[in-house]
Amino acid sequence: MWSTPAASMVCILLGIICDVSSLQPRVLQRQSGRIPKELTTLEEDIQKVINQIRSLSNDNEQTRSFTAGEESFSLDAYYSVLSNLYALFQPLLRDRFTDDLPRILVCIMSGRQDCGLEAELTKAVTLKLGRPLLAFVSSLRSQTCSPLSGDTQSSSFSRAYLGMGESVATAFTGFQQTLINILSVPVSGNFMGAASGLVDAAVTNILRLMATLLQEPMDYIKIALQFAISVPSLDRDETCQQGDLKQLIMWGINHNVSWSFSNSIVDILLEIFLAPQQPPCTYPGPECQSPPSILFQRSVSEAAGDGHDILLECDRHNLARLNDTLCADILAGSRSSTSVLAFCQALNSLSVHQMQQVWSNMCYVIRELASPLSRSTDCSVGDVRPSPATPPSSLTVPLTAPRRVAREATNLRQLACNYSSWSENEVVDAVLVTLCSDNEREEFVRRVCSDAPLMGKLLSDRMNSWLYAYCANSSADPGYLVSHFCVYGKWFDQPTVLVGPHLLEFCMNLDGPTLTKHICWNTGFFVMLFSHPENFQFMPNCSVSPPAPPFPDPDSLILDSCRYSEWRDVAQIPMDVLMQCVSLDRNGFIKEVCANQTFLNNLLLNTENDWLESLCETSHSFLPTEPSPPLNTADWCDYHTWGERPVDESVVGLCWNNDQLAFQKNVCCRASVLEKLLENPQNQWLVSVCRDIDDMVSPQVCKYSEWTYPIMVDMTELALCSEIDPLNFTSIVCANQTILHNLLTNQDNTWLIQHCANRTDPGVSPGGDGDDGDDLAGFNPAEQCLYSSWSVALPDVSLLTLCWEHDQTNFVSSVCPNSDLLLLLSQEPSSMWVSSMCTTYTNYTTATTTNATTNATNLSTTAQSDFCLARKLVRQFNWNCSADFTSACRPGASQSMALQMMLRCWVESLRPRVEDLLTPPVAAVLEQAVSTTVVFLLALEEVQNTSLHVIKNIRLNVLESVGRYLEREKEFGKKRVVLQCFGEYFRVPLSSLRSVLSATNITTVRLILQYYSRNKDTLQLPDQYLPSMMSVLLHTHVKRDVSLFPELAPLLASVSPADIQALPPLQNDVIVREAINSNLGHMTLDQREAFGLWYSKDMPPSKITKGHQSLIRDTGNLIAYLPFRNFQHLSSAQLVDGLDVLQESHLTALKQEFIAQSLVSSYRNLTAQDFIRLGKLSCLADPEDLLLYRGTEAFSVIQHFVMNCTREGLSLPNHLISSLLLSSTEFNVPSSLSTDRLAEVAHLMPLLGVTFLQGLTPLQLGAVLPALSSTSFSSAQASVIVDKLTSITAMTAPGQLQKLGSLIVGVKTETFLTLTSDMLLSSLPAMARQTPGLSPPVANSISTNLWGFPEVVTWLDDVEPLLNCTPLLSVLPRTRLLVNNIANITTKPFNTQQAIAIFREALDTKPNLILQHFLSLGTLGQGVSCKVLKKHFQADSSPSAVIRILLFLRQQPGPLHTSLKTCVIDELYQLEFFSELLKDLGAEIALSMPMSTINKFSTAEMDALRQMVIQDPRHFLLLPRKKQQLLVDKMAQRMSMYTGVFTEEEFRSLGVMAPFVVDEVFIHVDRSFFIDNLDFLLGLCYSRSKMELVARILQEPAVFGPVNNWNQTTLSQVDRFLFFLPDSSLQDISMALMTLGHIEKLFMMQRRWEHGPVGSRCLIKNERMAFFLKQQFVLQFFLGFLRINPLSPTPIVPTCELLRSITPAAWADSSLTSMSSSAFSNCLELMGHDPFFSSYQHRQLLQKVKQMYGPVSSFSPSVISQLGGLALELTLDELSSLRLIEQRSIAALGAVSDWSNRQLAALFTTVLNSTKRTPSQLDSSTLVAMGHIVCGAKDTEMKAFNAVEFSKAVLFLGQLTLSCSEEQLDALVGLLTHSLAFGLISSWGTDVFIEIGVLAAGLPDFAMSALVKEQIEGITPLAISMISTVRFSVALNHIQISMFSYEQAAAVTPEQVSALSDVQRTALAMALTPWENRPINFRGKSLGLALSHSPLCLVLGLLMLLIVLPDPDLPWHMTPLTPAGSGDASSPT
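Calculation criteria
Residues numbered from 1 in each chain as written. Predicted model: local features only at pLDDT ≥ 70, side-chain atom pairs only at ≥ 80, totals over all residues. Heavy atoms only, no water. Axes fitted to C-alpha atoms, helices over the stretch in contact; angles between N-to-C directions. Helix = DSSP H or I, 4+ residues; strand = E, 2+ residues; numbered from the N terminus. Contact = heavy atoms within 4.5 Å. Nonpolar A, V, L, I, M, F, W, Y, C, P; charged D, E, K, R; others polar. Phe/Tyr/Trp six-rings, centres within 6.5 Å; stacked < 30°, edge-to-face > 60°. Buried < 20%, exposed > 50% of the residue type's maximum accessible area, 1.4 Å probe, protein only. Core = buried A, V, L, I, M, F, W, Y, C linked by side-chain atoms within 4.5 Å. Polar contact = N/O pair within 3.5 Å; in protein donor to acceptor, adjacent residues only side chain to side chain. Disulfide = S-S within 2.5 Å.

Enquirer: Help me out: how do you make sense of the packing of helix H25 (residues 501–510) against helix H26 (residues 512–521) in this one?
Expert: Helix-helix packing is characterised by the crossing angle of the two axes and by the distance between the axes. Two elements in contact, H25 and H26, have axes separated by 5 Å at closest approach and are oriented at 115°. Across the interface between the two elements, Leu-504, Cys-507, Met-508 and Leu-510 from H25 touch Gly-512, Leu-515, Thr-516 and Ile-519 from H26. Its residues assigned to classes, the contact of H25 with H26 shows six nonpolar, two polar and no charged.

Enquirer: How should I be thinking about the packing of aromatic side chains in this particular structure?
Expert: In this description, an aromatic ring pair is defined by two values, namely the gap between the centres and the angle between the planes. Following the criterion strictly, the structure yields 45 aromatic pairs and no others. Considering the side-chain rings of Phe-1516 and Phe-1556, the 5.3 Å spacing of their centres and the 85° angle between planes classify their relative orientation as edge-to-face. Of this pair, Phe-1516 sits in helix H89 (residues 1514–1517) while Phe-1556 sits in the loop between helix H91 (1544–1550) and helix H92 (1559–1562); the two residues are 40 residues apart in sequence, bridging distant segments of the chain. Accessibility classification places Phe-1516 together with Phe-1556 in one group, the buried group. With a centroid separation of 5.0 Å and an interplanar angle of 35°, the aromatic rings of Phe-1617 and Phe-1620 are classed as tilted. Each member of the pair, Phe-1617 as well as Phe-1620, carries the same accessibility label: buried.

Enquirer: What should I look at first to understand helix H11 (residues 245–254) in this one?
Expert: Structurally, the α-helix is built with 3.6 residues per turn, so residues lying three or four positions apart point the same way. Most of H11 sits out of view: nine of its 10 residues are buried. Those residues of H11 that fall on the buried side of the exposure criterion are Leu-245, Lys-246, Gln-247, Leu-248, Ile-249, Met-250, Trp-251, Gly-252 and Ile-253. Backbone geometry just after H11 places Asn-256 at a positive phi near 60°.

Enquirer: So what exactly am I meant to see when it comes to the nonpolar core here?
Expert: Grouped together as the largest cluster of nonpolar side chains are 345 residues, with contacts concentrated most on Phe-1516, Phe-1841 and Phe-1940. Once residues lying within four places of it in the same chain are set aside, the contact partners of Phe-1516 are Leu-1487, Val-1509, Gln-1524, Leu-1527, Val-1528, Val-1552, Met-1553 and Phe-1556. Counting residues in hydrophobic clusters, the runner-up holds 52 residues, among them Leu-225, Leu-248, Met-250 and Val-934.

Enquirer: Help me out: how do you make sense of the side chain of Glu-1484 in this one?
Expert: Examined against the element boundaries, Glu-1484 turns out to sit in helix H86 (residues 1474–1486). Reaching out from Glu-1484, the side chain makes a polar contact with the backbone nitrogen of Leu-1456 at a distance of 2.6 Å. With residues up to four places along the chain from it excluded, the contact list for Glu-1484 reads Pro-1455, Leu-1456, Lys-1461 and His-1515.

Enquirer: How do you make sense of unusual backbone geometry when you look at a structure like this?
Expert: With a phi angle near 55°, Asp-1615 is a residue other than glycine that sits in the positive phi range. Mapped onto the secondary structure, Asp-1615 falls in the loop between helix H96 (1608–1614) and helix H97 (1623–1626). We classify Asp-1615 as buried; its relative accessible area is 14%. The phi dihedral of Lys-1812 is positive, around 55°, even though this residue is not glycine. Among the secondary structure elements, Lys-1812 is positioned in the loop between helix H108 (1797–1811) and helix H109 (1820–1826). Judged by relative accessible area, Lys-1812 falls into the exposed class, the value being 71%.

Enquirer: Just to check I follow, could you spell out the state of the cysteines for this structure?
Expert: Among covalent bonds in proteins, the disulfide is the one between the sulfur atoms of two cysteines. Tallying each qualifying case throughout the model produces 10 disulfides. The disulfide partner of Cys-637 is Cys-655, and the S-S distance across this bridge is 2.0 Å. Judged by the torsion about the S-S bond (-105°), the Cys-637/Cys-655 disulfide is left-handed. Taken as a pair, Cys-637 in the loop between helix H32 (633–636) and helix H33 (649–658) and Cys-655 in helix H33 lie far apart in primary sequence, 18 residues in all. Residue classification places Cys-655 among the buried positions, given a relative accessible area of 0%. With its sulfur 1.8 Å from that of its partner, Cys-1831 forms a disulfide with Cys-1860. Around the S-S axis, the bridge from Cys-1831 to Cys-1860 shows a dihedral of about -90° and counts as left-handed. Of this pair, Cys-1831 sits in the loop between H109 and helix H110 (1835–1839) while Cys-1860 is found in the loop between helix H111 (1843–1853) and helix H112 (1862–1872), placing the two residues 29 residues apart along the sequence. According to the relative accessible area criterion, Cys-1831 is buried, its value standing at 6%.

If you want it as structure tokens, here you go:
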């Protein structure tokens, strides 16, 4: 029933929106029987009241006295009107008016005119009464408004929603402080007890009152929410729209789901009203956002456009039906109040339109009521709010009350919404666009949405991306929008322009069918769109077949195909059908199939069904029974009630059997409960059970040995142990510091402090503070625990621990009170424990001080106990609180945080008592109220586009409630709705997924899997969701129910390798194994190998050797992935039987080789069919075994497969190829071979050599040119082929060069010089694709030729392949043209110096381009100057801007110059958020940081650096060895690798860096990991010391044991690691194992590694030489060259094919000279380029060459070009007789660097004589070809060089280690300073110094002394090392030396250092060791590094002088020492 005051108030408020200027009341006839006289009197009274109201309203409109400072509002008139109104309503109220009021309200709101007399009276009376009252409240509200500047600085809920101004906020803050002061007053225990009783009584009454007051309003609110929020449900097609969180909660409210939000609502409200103040932002970013004002309402329109229901939207046309609300139950007879029944009856009589009208009007009423309370327009001068919605037509007159916001909006539109100017302005403010769209929608749609150019301009600003949805939902023409924005052809033509999610959604909505067709039909278009991760949500379903129904009925889970009675031809039933039937209907399958032997035998006819036999055999012994539902002990064993009620004895027994631990705690340990149970004679057995509790429970619960480890132990277990085992507990726990420390890390265990204090010496703290320091030798706390310095430099982990353990008193007194230091320590993972220990210690000292006041051992730190306000308040009230005080106790925590924490704890302490006080009806009402409030807050979040912290606080409650509902609910349809319509389990945060799924019922898990399988294409899950989900399901649920595994099988591809290895032991389960086998094909190699490791746990070597011959077939593909240590035990018979299975799998090379060699060596009578079955595995067999089949039918099959293997690029030993394929006599006469045969063996021609090629005719070569053009030949071989082809076809013929392909290396340089530019341009792209590429002389001649034409700027696409080797001097004249065409050059791969020159030109001519479009410079970014880069960083130093620049630098085509990387680091290191940028630096820039910076990295930062190196290890491998070791050592420290085993996880986490850890760590590498991952380890880089460690590990018994026990399989596993063994160990290997074939394979593997990405950057020069000597020893020892072993074989003479595998220098010179002439000739080029030959060997080989080719003067250019290093032994006369007429001959000799000066002079003269040129006539290509020979020219001859030609050759010459003298270098530098070259040295920039390379060493002294930083940065390290000693010390001062980079400083030679002064050496040391922090002042006073004599030395020196000087007869003179700081100012001090 409605009370009288309530009814009156409703009537008053109803008039708010009924703003009628005049109204003639109509009197309707009622069935009340009232006489006309009474009616007349009533009408007169009504008219009188109306007149008074009008009078009041008119007066107010005239005076407008609503604001401060004017006349106050007249309340007397209001009082008079209200009095008359009350008198008027008295008769109505007595006549059941209140019962009819809901019906009246509904009628009025619906707009009907036949609502009756009371409705007319109510409307008329309240018409003018509400508006003035609201205006009055608004005027009061406006007076509390604060200035905008002040108010907008806070984003709190109070200010954002309640409009709380500064003054009110200040008052509120003061109130908080006063409250805290009051609460801080200490109170007695009696007072607290009395207060607690009062609170209980108050809470009880308040809750009852609330339940009474809320019951009826809650029904109304629930009905309103049900109308507003449509809950998804399944439609006829069994599909439903995905619901959001508030819809899920509403669904739960409708279905009586208990959400349990009582705890969450408290947290939400506290976070809203007591939110901690946000710290000021230091930079803009996602972490620091101010609440938007105008954009708040943007969310409403957007959300509406998205199809979501907006709860507070008034114009709704999609309200729910009445039958879907509570009214349906009420009208059906459910119990409810009279008013709610009347309300529902009234609603039931309305039409749909009238229902919408009721909603709309009611919404406006609520809005108007709330408007004075929210931030009104009077408080929103700057905040534009939406104009009020137009009232419904049923309320006749529009609102006329003044609204300031409307005027503000109009004025703004007039000033700002000038659409014409938007087209002209360059930038339009995004906020202004939003404002105009909200305030004049129709005009905005006409002027913007219908103007594609303007709309496109606005969309260029990402802030306006909402325009897509806005215009799509507007009245704009969809066809027009699609034609301009959904231009799919343009999308495809511009793949680099990403199509964002807003545009894709726009086109998908407006043009879905067409766009879907393009996506599904065009793979490229599909890939382009969905390469953007945010576009995944719009991926269409391209499946042709209609989708399957989302969920089957539970009865249909047994597939139709599993109807066994209908199976006819059972042998044809697929295996997958059988597996499905077994997994879904196991019992029925066993009964119907396994029990029927005939049935089973027919199935077993199909070999794929062999697994059924073992399944049925194991199933006959025990037929599975139907699983019984699990016992829920919580329902039966409610121990807390057993002390108050009788308990049946069967329940007692049930709980004892199923819940012993809880039974012991709650029954045996509680005397009252136990005594009550023993009253029943049937429970006497409890006496014996509970008497032995100590013996039973203690071992199960009190696991003292485990407590020594840092684990979390539950508080209840500790409490139980302290009660049942007090003696052991006290002696083990309280007396053991380690155990006590570990237990106290759990805040719930702080009671241990008091417990142990009462049972031990109370003066000793939990940590102890005794004389422990005496036990640690060398540790002195007084000297080493310098606490005052820790705030500056944090201590390392060991020092921190030592100080805590051995100096605890001082530690606590110095560290615990220091909040700043505690904050620093808490940020390091290794020292986070200090904060919790300080907290524990504070509690302990407080307790012990109270209990031991008479004891003299009280600690002095008790006074520091209360430094946390929140904790202090909680302790004062003695509340037990589980909240985390970390945030509230941090330094600077606000008082709001303290109050929030205190209120949380208060509520938590009240909760148990409140639960006892609540009656079920009251609890139900409150639960409904809380759930409704949560829904409203969610809607408010949606409307205001801000966070009220709702979702994060209720998420887990929702999941737990849904889980309970799914377990409890029996009806499948309802559970299906939850999963299908809400998919809640797929919205769980990853951080909570494990805990949620672990507690999920197995039935729910199956439902989740079914839901995922049907919706996986539409679900948008994080990358880690499936791996996390599968991890939980496999390790939790599969252990409980193995039958779940087949259902998980399709998702096995998402399981991590670590989770796979930890699978339960299910290896023997046939179904599990088959499920794995059937899904292996979808997995990565790592996952397959992980399954192999898992399976190996049940497949030890003994089981393999005892296994049946069909073991491999029985096991399936899984066996192929066993670790090799298990796999190698498979017998040959097993391998033959299971060969087909193995070949289907991805076998490693080692396993393939093992299979091939095992089978071919074991079976000597294999047939051709056997080799066909072996296939490509035949290529891996031992050559000697294969040669046994020569002359048999099988041999041709072997040759066929070997030929195919070589053609496919498989690396095979050349000895095998030569023996099997090239030993035929047909190759003795090359000209007799047919064209087809030549084409067949074309890829083998490089092995046949030069002599074979010389025997071919030009016609033969021309016919097979297409095959030859794709084969890699050496330069000499290619020259032979090209020379022969030239005789029949001119190379200058059109298109001829393109046909040569790889043969281009054989074309003479002179030929290219004759080609025109058109021919070069057309041929260049094809030539540049070849590997190896063009020689330096050829590249130089082509590039200089083409860049001589101005048109080259338009040929960049053609000349792009040679840009990197184009001389800078050729590019400099074209920089202006290039900059003018800059749009076309920003993607070209210029080298660094070219990019610098072009960038400098762009900066000079187009500075605005550089400033405004810096990031569009593309590849020119590598040339940016440090100055410009700094300007950009300073102009916008926001994180987003800096990250964009870093991304720009990372995308450069080549390595960044050292100076640029240093500039980036120096500039960014100053930023506060530098640590956050680390991951964006990239490995190249990050690794350029000095170690002094890296040493300061936190664990997280070091981990980010580690991940960067793992992803891109190239730059790490290029670092100096010392920096590599220091960096990895620091990483290892951060990862705590210095103790224990070097695990697989740690090793793999370091990747390529792992071998660089210190030896002490590496030696402890996990041996099982080492053995199982040798293939991975073989690819890494090892220093000499690590090679020795690897050799030691290999010989350990646990690995492979002593080498004399090794077999062929062991050698195959060890691979190239064999070269790591010492010579003594190598000699113990069996000679029979080390065959020539195996040695060749070892050399091949080593060479492959050396040419790979790691090996090519690994070994330094001296390491490479040492490694070669080890290779030479292996070869010569095992092939009999070293007669150490009497069993050594006779030395062999190698073939040329062997030399291509085994480096020639490893052979004895006698064996090389014994080679046949043809073999020697074929390998002459190979021997000439071998760098390891000694001088003696060179002489022997050269003698062989002279014997073959005659005197040196007769050597052809071809022979000369092959000599290489052999020419070093030519005499001066022989050098002078050479005919160097071709550049390739000159280049071959110019590449040799070991010439003597006299040889160089002779060669230079020979070049001039042979080419008949003078020095001035030498062109750039000839100078490039001369290489080192340039230094053979005299300085006078050098000065005659053409300066321009030489400057074009300097790019190549500058990279050589030239042996020129200082005078020669001076002459060459003089050429570079020519005006037509690079000009004066003072004008050279970094680009020129990079270009000239080593020639910078020839700078004159004066020029070198004047070098500036920019120039020094360009000098290469090689040039630094070549500066003469005198010039280095004289010309370079200490300031210049200090500018060296680390690489430059490291290049300084010892000779150069010896000539430096002390100051110069100091500067060099600072540059050389940047990882040491040593500030230095070069004025003569060192701040860190002292180079002066020590005081002791000075004193002793002076004493010696005093003793020695008086004796004048001494024959020698001593020079006095100069004290530090005196003498020359340049000397260091």
